[in-house]
Amino acid sequence: MSKLKVLTQEDLSKISDDFGEILEQEVSKAISTKELEDLDLDIVLSYENEQLDVDVDVGVIFDELSEINQDQITKAIDEAYLKFDSYIDDNFRV
């Protein structure tokens, strides 16, 4: 695997925005919008010593009749992280 390029504040902002979109897409695949009342994404990027760490907290409020379970949300988040890794490899590695 190649090295991560030196990231600017603009890069970090773009990464955060793009990861948010990836997360929303994956959660939308797992949860019907009819079952979802609110989705809150909290993405925290940490970039030190040329290392990028990304933490996410996904808050989901379901419709009272929803049958979605936590495993489905976890799977969607895991899938988003896999796509995010590919995104970083394609756009921010030298």
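Heads up: the structure comes first, above all this text.
**Points about the overall build of the protein**
Thought 1: Along the protein, the regular secondary structure elements total two helices and two strands.
Thought 2: Its helices and strands in sequence order give the protein the pattern α-β-β-α, from N to C terminus.
Thought 3: The principal-axis extents of the C-alpha atoms in the protein amount to approximately 45 × 20 × 15 Å.
Thought 4: By the burial criterion, 29% of the 94 residues in the protein qualify as buried.
Thought 5: Looking at the protein alone, contacts between residues at least 24 apart form 68% of all its contacts between residues at least 6 apart.
Thought 6: Once the 8 positive and 26 negative side-chain charges of the protein are each reduced to a mean point, those two points are 9 Å apart.

**Points about helix α1 (residues 9-30)**
Helical periodicity: at 3.6 residues per turn, an α-helix aligns residues three or four positions apart in one direction.
Thought 1: Helix length check: α1 (22 residues) gives 32 Å between terminal C-alpha atoms against 32 Å at 1.5 Å per residue, within 8%.
Thought 2: Every buried residue of α1 is listed here: D11, L12, I15, D18, F19, G20, I22, L23, E26 and V27.
Thought 3: Those residues of α1 that are buried lie in contact with β1 (36-48), β2 (51-62) and α2 (70-91).

**Focus on the packing of aromatic side chains**
Thought 1: In total, this model carries four aromatic pairs according to the counting rule given.
Thought 2: Ring plane angle 50° and centroid distance 5.2 Å describe the contact between F19 and Y81, whose orientation is recorded as tilted. With F19 in helix α1 and Y81 in helix α2, the pair connects residues that are 62 residues apart, well separated along the chain.
Thought 3: By relative accessible area, which is 25% here, Y81 ends up partly exposed.
Thought 4: Between Y87 and F92 the ring centres are 5.7 Å apart and the planes differ by 65°, which places this aromatic pair in the edge-to-face class.

**Observations regarding the side chain of D18**
Thought 1: Tracing the sequence through the fold places D18 in helix α1.
Thought 2: In this structure D18 comes out as buried when scored by relative accessible area, which is 15%.
Thought 3: Reaching out from D18, the side chain makes a polar contact with the side chain of Y87 at a distance of 2.4 Å.

**Some remarks on the nonpolar core**
Thought 1: Judged by nonpolar contacts, the single largest core of 22 residues is most densely connected at I15, F19, L52, F84 and I88.
Thought 2: Those elements that place two or more of their residues in this core are α1, β2 and α2.
Thought 3: Once residues within four sequence positions are removed from consideration, I88 is found in contact with L4, I15, L52 and R93.

**Some points on the packing of α1 against α2**
Thought 1: Look at α1 against α2: their axes get within 8 Å of each other, and the N-to-C directions meet at 140°. Between α1 and α2, the angle falls in the class oblique. Between α1 and α2 lies a crossing of right-handed hand. Here K14, I15, D18, F19, I22, L23, E26, V27, K29 and A30 of α1 come into contact with α2, specifically with Q72, A76, I77, E79, A80, Y81, K83, F84, Y87 and I88.

Calculation notes
Residues numbered from 1 in each chain as written. Predicted model: local features only at pLDDT ≥ 70, side-chain atom pairs only at ≥ 80, totals over all residues. Heavy atoms only, no water. Helix = DSSP H or I, 4+ residues; strand = E, 2+ residues; numbered from the N terminus. Buried < 20%, exposed > 50% of the residue type's maximum accessible area, 1.4 Å probe, protein only. Contact = heavy atoms within 4.5 Å. Lys, Arg positive; Asp, Glu negative; His and termini not counted. Charge placed at Lys NZ, Arg CZ, Asp CG, Glu CD. Expected span 1.5 Å × (residues − 1). Phe/Tyr/Trp six-rings, centres within 6.5 Å; stacked < 30°, edge-to-face > 60°. Polar contact = N/O pair within 3.5 Å; in protein donor to acceptor, adjacent residues only side chain to side chain. Core = buried A, V, L, I, M, F, W, Y, C linked by side-chain atoms within 4.5 Å. Axes fitted to C-alpha atoms, helices over the stretch in contact; angles between N-to-C directions. Parallel < 35°, antiparallel > 145°, perpendicular 65-115°, else oblique. Left-handed = near helix turned anticlockwise from the far one by under 90°.

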